[in-house]
Amino acid sequence: MKEIVPPLPPFVHNQFETVRELFQRHVVPSYGRFDLAFSHGNGSYLFDVRGKRFLDLGGGIAVCALGHAHPEITQALVDQSRRLVHISNLYYHEPQGRLAQRIVSHLGAGKVFFSNSGGEANEGLFKLARKFGHDEGRFEILTAQNSFHGRTLAGIAATGQDKVKQGFEPMVAGFRHVPFNDLEAVRNALSPATVAILIEGIQGEGGITPATPDYLLGLRKLCDEHRLLLLMDGVQCGYFRSGRFQSFQRLLEGIPDASGFLPDGISMAKSLGAGFPIGAFWVREPYADLLGPGSHATTYGGTPLACAVALKVFEIVERDRLADNARQLGAWIQDQLLNLARAYPHVIRSVRGVGFMIGFELVAKEQIPAFVNQPQPASLQFVHRLHEAGLLTIPAGLQVIRLLPALNLARAQAEEGVAIVAQEIQRLAEGG
Ligand SMILES: Cc1ncc(COP(=O)(O)O)c(C=O)c1O
């Protein structure tokens, strides 16, 4: 299903160069960007300034829950911006209260703090943990190897990947990393200073690795025994992507004794605003008032505009049963990828994921003749090939390609995406 792109008129090509030059001159070069500049989108399609159409299965890294330019979101933005955009958190307003109520209704008794991003939501959880343990001198948070928790100073200290820390030492104190899905490792790592454990329900940046039910239940028990907070980072894996509001709800489905499971705090962002910046953390009831007046704040957190949009996103996701779509269509995509992995085991090593959080892992670069002599990792080289074929995906680490599509992805679009992946895998298998 390769798209046939007509030759590009020179003035359109120049538009890309113009945009890139603006970035090169004026934007801090902290990102490794692809040579793509987009001008507009529609549903799960994006259009670049050269006029080429791409199927977007990356969803802005798990953000664009309703695709691009959803008319009801546009309308919600317009309506709310005519009434009230910002008032500060010195005052009350209805959208923030209603959005907090909506989040609580999906989790359990507790309260919500609103931030602007996932990193900032995690910062709030770190402060919650510090406050909880403060009077006993406990402050240490255990996190998982290969985790990702954001790029703030504490976020990189919490993240279990060296590459995000390098050059920014000394790290914020009080974080240690243990192997993921290894309960014994957590038990052995506990110290008198430990106050909390933080994990992702499904590791995203680390390459799509779901927590096992035993691990989740074991962590809850361990935290209860040692009076630790169990914190979960739902920034990427949350918001219905797994087929349930939070990934642990999906991962624990059908597991005996799991019905009462709840963490003590959950961070959220990304799909919560479907592209409009908003983050949040939920705190379970007994700890919900730990951060009292004056202890934590952010100017833009939970503005009327952000909350009105997030309320509209909730309404659409629930009305259109998009969690079910993520669950069913995600399972179908995974099945197709598994078939590919069976057909081409010398190209695809494994397929992992839940719902619309899917990763397929290529074999090592050295085993792929077309990739072996190129400097870039296999994941990046494959993502480039998919771009050529009109498909956007997200690399994770050296070998994993992630699919994090809009929750309202249609079956025909899923078929289109799978066909492109299959075509490119087959090409690689044939040495092309
Ligand atoms: C699991 C997880 N936590 C935290 C973050 C940081 O979120 P943000 O970039 O909104 O600060 C991310 C971003 O990718 C993430 O995937």
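Treat the numbers as computed from the prediction; the structure is a model and nothing was measured.

**Q** Would you mind going over the overall build of the protein with me for this structure?
**A** Each helix and strand in the protein was counted, giving 14 helices and 17 strands. The C-alpha radius of gyration of the protein comes to 22 Å, within 12% of the 22 Å expected for a compact globule of 432 residues. A burial count over the protein gives 47% of its 432 residues as buried. Residue pairs in contact within the protein that sit at least 24 positions apart in sequence constitute 72% of those at least 6 positions apart.

**Q** What is the right way to read the packing of helix α3 (residues 71-83) against helix α10 (residues 304-319) from this model?
**A** Between two packed helices, both the angle of their axes relative to each other and the distance between the axes serve to describe the pair. α10 packs onto α3 with a crossing angle of 150 degrees between their chain directions and a minimal axis gap of 9 Å. Here α3 is positioned roughly antiparallel relative to α10, judged by the angle of their axes. Seen along the crossing, α3 lies across α10 with a hand that is right-handed. Every residue of α10 that contacts α3 at E72, I73, A76, L77, Q80 and S81 is listed here: P304, L305, A308, V309, K312, V313 and I316. For the contact of α3 with α10, the class distribution of residues is nine nonpolar, two polar and two charged.

**Q** How do you make sense of the sheet that holds strand β5 (residues 140-144) when you look at a structure like this?
**A** Where strands meet in a sheet, backbone hydrogen bonds hold them as pairs that are either parallel or antiparallel. Reading across from one edge, β4-β12-β11-β10-β7-β5-β6 is the order of the seven strands in this open sheet, with mixed pairing throughout. A single partner strand is all that each edge strand has here, and the edge strands are β4 (110-115) and β6 (175-178). The sheet shows a mean angle of 20 degrees between the axes of neighbouring strands, direction not considered. The sheet strands contacting helix α4 (residues 94-107) are β4, β11 (265-268) and β12 (279-284), and the helix crosses β4 at an angle near 130 degrees. Relative to β12, helix α5 (residues 118-133) is tilted by about 30 degrees, and along the sheet it contacts β4, β5, β7 (194-200), β10 (229-233), β11 and β12.

**Q** In this structure, what is going on with the pairing of β5? I would like to understand it.
**A** Each regular strand displays side chains that alternate between the two surfaces of the sheet. With five of five residues buried, β5 is to be regarded as a mostly interior element. What you see with β5 is no split at all: E140, L142 and A144 on one side and I141 and T143 on the other are buried throughout. Looking at chain direction, β5 and β7 are connected through four bridges and run parallel. Opposite E140, over in β7, you have T194 as the bridge partner. As paired elements, β5 and β6 share four bridges and run parallel to each other. Among the inter-strand pairings, I141 is bridged to a residue of β6, identified as F175. In the classification by handedness, the crossover that spans β5, the intervening helix α6 (residues 153-158) and the parallel β6 is right-handed.

**Q** I keep staring at unusual backbone geometry and nothing clicks. Help me out?
**A** Generally, phi is negative for residues other than glycine and the peptide bonds are trans, each holding for most cases. The residue after E169, namely P170, is reached through a cis peptide bond having omega 0 degrees. Checked against the element boundaries, P170 lands in the loop between α6 and β6. Even without being a glycine, I208 presents a positive backbone phi close to 65 degrees. With respect to the element layout, I208 can be found in the loop between β8 (202-203) and β9 (209-210).

**Q** Could you clarify how one ought to interpret α5 in this entry?
**A** Because an α-helix completes one turn every 3.6 residues, residues spaced three or four positions apart along the sequence face the same direction. Helix length check: α5, at 16 residues, gives a terminal C-alpha distance of 23 Å against a target of 22 Å (1.5 Å per residue), a fit within 8%. Within α5, 13 of the 16 residues are buried, which leaves it mostly tucked inside the rest of the structure.

**Q** Can you walk me through the domain arrangement of the protein in this structure?
**A** Put simply, an interface is often sized by how much accessible area is lost when its parts join up. Structurally, the protein comprises domain 1 (10-57 + 322-429) and domain 2 (71-319). Of note, the centres of domain 1 and domain 2, computed from C-alpha atoms alone, are 27 Å apart. Mapped by element, the contributors of at least two residues to the side of domain 1 that touches domain 2 are α11 (322-343), β13 (348-354), β14 (357-362) and β17 (400-403). Its residues assigned to classes, the side of domain 1 that touches domain 2 comprises 10 nonpolar, four polar and four charged.

**Q** Looking at this structure, how should I read the nonpolar core?
**A** Burial of nonpolar side chains together is a common tendency in soluble globular proteins. Counting residues in each nonpolar core, the largest one holds 114 residues, and the members touching the most others are A129, I197 and A280. Sort the elements by how many residues they give to this core and α10 lands first, with nine residues. Once residues within four sequence positions are removed from consideration, I197 is found in contact with L142, V186, L219, C223, L228, L230 and L231.

**Q** Please clarify how the site of the ligand should be interpreted in this entry.
**A** Around the ligand, the surrounding shell holds 15 residues, and the nearest of these are S117, G118, G119, V235 and Q236. With three residues, α5 is the largest single contributor of residues to the shell around the ligand. The residue makeup of the shell around the ligand, split by class, is four nonpolar, eight polar and three charged.

**Q** I'm lost on the environment of S191 in this one. Help?
**A** With respect to the helices, strands and loops of the structure, S191 is situated in the loop between α7 (183-189) and β7. When the C-alpha atoms of S191 and E140 are compared, they prove to be 8.3 Å apart, with 51 residues separating the residues in sequence.

What counts as what
- Residues numbered from 1 in each chain as written.
- Predicted model: local features only at pLDDT ≥ 70, side-chain atom pairs only at ≥ 80, totals over all residues.
- Helix = DSSP H or I, 4+ residues; strand = E, 2+ residues; numbered from the N terminus.
- Rg over C-alpha atoms; globule rule 2.2 N^0.38 Å.
- Buried ≥ 20, exposed ≤ 12 C-beta atoms within 10 Å, placed from the backbone.
- Contact = placed C-beta atoms within 7 Å.
- Axes fitted to C-alpha atoms, helices over the stretch in contact; angles between N-to-C directions.
- Parallel < 35°, antiparallel > 145°, perpendicular 65-115°, else oblique.
- Left-handed = near helix turned anticlockwise from the far one by under 90°.
- Nonpolar A, V, L, I, M, F, W, Y, C, P; charged D, E, K, R; others polar.
- Pairing = 2+ DSSP bridges.
- Right-handed = clockwise from strand over helix to strand, strands pointing away.
- Expected span 1.5 Å × (residues − 1).
- Domains from an automatic or database assignment.
- Core = buried A, V, L, I, M, F, W, Y, C linked by C-beta atoms within 7 Å.
- Near = placed C-beta within 6 Å.

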